[in-house]
Amino acid sequence: MKLRTLFSTRVVSAVLSIPVFGLVSIAGIGSVQAAEKLRAAFVYFTNPGDHGWTYAHEVARLNVQKHFGKKVETTFVENVVEGPDSVRVIRELAKQGNDVIFTTSFGYMDYTLKVAKEFPNVKFEHISGYKRHTNMATGNIRYYEGRYVQGLVAGLMSKSNKIGYLASFPIPEVIQGINAFGIGLRSVNPKAEVSVVWVNSWYDPVKEADAAKVLIAEGADILAQHTDSPAMLQTAEKAGVHGFGQASDMKAFAPKAQLFSSVNNWTPYYITKIQQILDGKWSTGDGPKHWAGDTWLGMADDYLTLSPFENMPADVAKAAAKAAADIKSGKNKIFTGPIKDNSGTVRIPAGKTLNDGELFTTLDYYVDGIKGKIPG
């Protein structure tokens, strides 16, 4: 595990043990008081070399540093396992005087909350979770919007009508994505089916590649993923099938296989949150773009973007562009009934649209077009 600082920031011990002086002081949840600079730390599950999830956060961190210049000092800790030991890392970052700590993976949720309660004068931002505290906010992206477009493209592109989907863990955001993919798929191709393989990891290139090989051997000619490495796309390229990138643009790893990537754009989120701290306006969230304190944004706000459509016929690209435009404009509210589960039972009645809270709490099933059952 290694803590690094860039852009003339201080170098801090890899074991997070060296005391740091001249730190920013914070009065409650108010503005930064008489400080040289605001200090922000980021906790990464993998390292930026994953070219996916963590890479997208690192791009945003660098953009934060560029945007604020000398007003803000940023650091990050990489390869922090989602488990009890993450408490030590988060706690030491708080002890060292960071004003805000961003923990960037779902599995940090309970550990971030524990440390937040210990350090009431430090602000904590947990990415992709749902637990909050007076000094702990949460943020997420509507990833499922991009996966609807992926499903639509898969339905139009597949010749075998067999789609493979690599999933990480059965948590709300992953289930949302699978189901949105299925809704998009069945909107254009009622015969296509999705087989989901759970790899039980966010980042394991070997397992991802092996799962992709299994799906291809079973006849899948389009692959999708909610895992973090380019391994799936690289496997697809070798096999002559197509797929979608995750979290960042993965075209460089599979230029002939990638149809497009759903790209997570964390830059506006981090800049907004840090500016709120500088202005004394940070809070755990309220207003129309928050669900119970969660900053919850998507394509309409450019928090989720789609890389250029490639390796597909012009009519498919046109359909994908229209689908994306309809989501951004609000014309297409993806989880609007009638929607059936894969047993034929209506789960979302006609005229009903699931709100953000319901998307987190009621999707305990696969929609029509997704094979199997969600793991218990």
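Scroll up a little and you will see the structure.
Quick caveat: nothing in here was measured; it's all calculated off a predicted structure. (Residues numbered from 1 in each chain as written. Predicted model: local features only at pLDDT ≥ 70, side-chain atom pairs only at ≥ 80, totals over all residues. Heavy atoms only, no water.)

*Asks:* Tell me about the layout of surface pockets, residues and numbers included.
*Replies:* Its boundaries defined by the atoms lining it, the largest pocket holds a volume of some 420 Å³. If you go around the largest pocket, you meet 24 residues; those closest to its centre are Arg-142, Tyr-144, Glu-145, Lys-333 and Asp-356. Elements supplying a minimum of two residues to the lining of the largest pocket: α4 (143–157), β15 (294–297), α9 (314–329) and α10 (356–361). Broken down by element, the residue count for the lining of the largest pocket peaks at 3 residues, all from α9. (1 Å grid on protein atoms, 1.4 Å probe; cavity = no way out; pocket = protein on both sides within 12 Å on 5 of 7 lines; lining within 4 Å. Points joined across faces, edges and corners; volume = space filled by probe spheres on them. Helix = DSSP H or I, 4+ residues; strand = E, 2+ residues; numbered from the N terminus.)

*Asks:* How would you explain the nonpolar core if you had to name every residue and give the values?
*Replies:* Grouped together as the largest cluster of nonpolar side chains are 98 residues, with contacts concentrated most on Phe-124, Val-153, Trp-266 and Phe-335. When near neighbours in sequence (up to four residues on either side) are disregarded, Val-153 contacts Phe-244, Leu-259, Phe-260, Met-312, Val-316 and Ala-320. The next biggest cluster of nonpolar side chains, apart from the first, holds 15 residues, and it includes Leu-215, Ala-220, Leu-223 and Leu-233. (Core = buried A, V, L, I, M, F, W, Y, C linked by side-chain atoms within 4.5 Å. Buried < 20%, exposed > 50% of the residue type's maximum accessible area, 1.4 Å probe, protein only. Contact = heavy atoms within 4.5 Å.)

*Asks:* So what about empty space enclosed by the protein? Which residues, and what values?
*Replies:* In the structure shown here, the tally under the stated rule is 2 cavities of 30 Å³ or more. Estimates place the volume of the largest cavity at around 70 Å³. What lines the largest cavity is Phe-45, Trp-53, Ser-105, Phe-106, Ser-128, Glu-173, Trp-202, His-226, Asp-228 and Gln-246.

*Asks:* Break down the sheet that holds strand β10 (residues 193–198) for me, citing the residues and quoting the values.
*Replies:* Hydrogen bonds along the backbone pair up the strands of a sheet, which may run parallel or antiparallel. On the basis of which strands lie adjacent, the open sheet formed by 6 strands has the order β10-β9-β11-β12-β13-β16 and mixed pairing. Looking at the sheet topology across the chains shown, the edges are occupied by β10 and β16 (304–306). Neighbour-to-neighbour, the strand axes of this sheet turn through a mean angle of 20°, independent of strand direction. By the bridge criterion, 3 bridges tie strand β13 (residues 258–264) to β16 in an arrangement that is antiparallel. Across the sheet, Ser-262 pairs through a bridge with Leu-306, a residue of β16. Packed onto the sheet, helix α5 (residues 172–188) meets β9 (162–167), β10, β11 (222–226) and β12 (242–247) and runs at close to 160° relative to β10. Those strands touched by helix α6 (residues 205–217) are β9, β10 and β11, and its axis lies near 160° from that of β9. (Pairing = 2+ DSSP bridges. Axes fitted to C-alpha atoms, helices over the stretch in contact; angles between N-to-C directions.)

*Asks:* So, the pattern of salt bridges: which residues are in play, and what are the values?
*Replies:* Applying the stated rule across the entire model yields 15 salt bridges. Here Glu-125 and Lys-273 are joined by a salt bridge, their closest N and O atoms 3.4 Å apart. Of this pair, Glu-125 sits in strand β7 (residues 123–127) while Lys-273 sits in helix α8 (residues 267–279), and the two are 148 residues apart along the sequence. Judged on exposure class, the residue Glu-125 and its partner Lys-273 are both buried. Its salt-bridge partner being Asp-302, residue Lys-328 comes within 3.5 Å of it at the nearest N-O pair. With a gap of 26 residues between them, Lys-328 in helix α9 and Asp-302 in the loop between β15 and β16 connect regions that are remote in the sequence. (Salt bridge = Lys/Arg side-chain N within 4 Å of Asp/Glu carboxyl O.)

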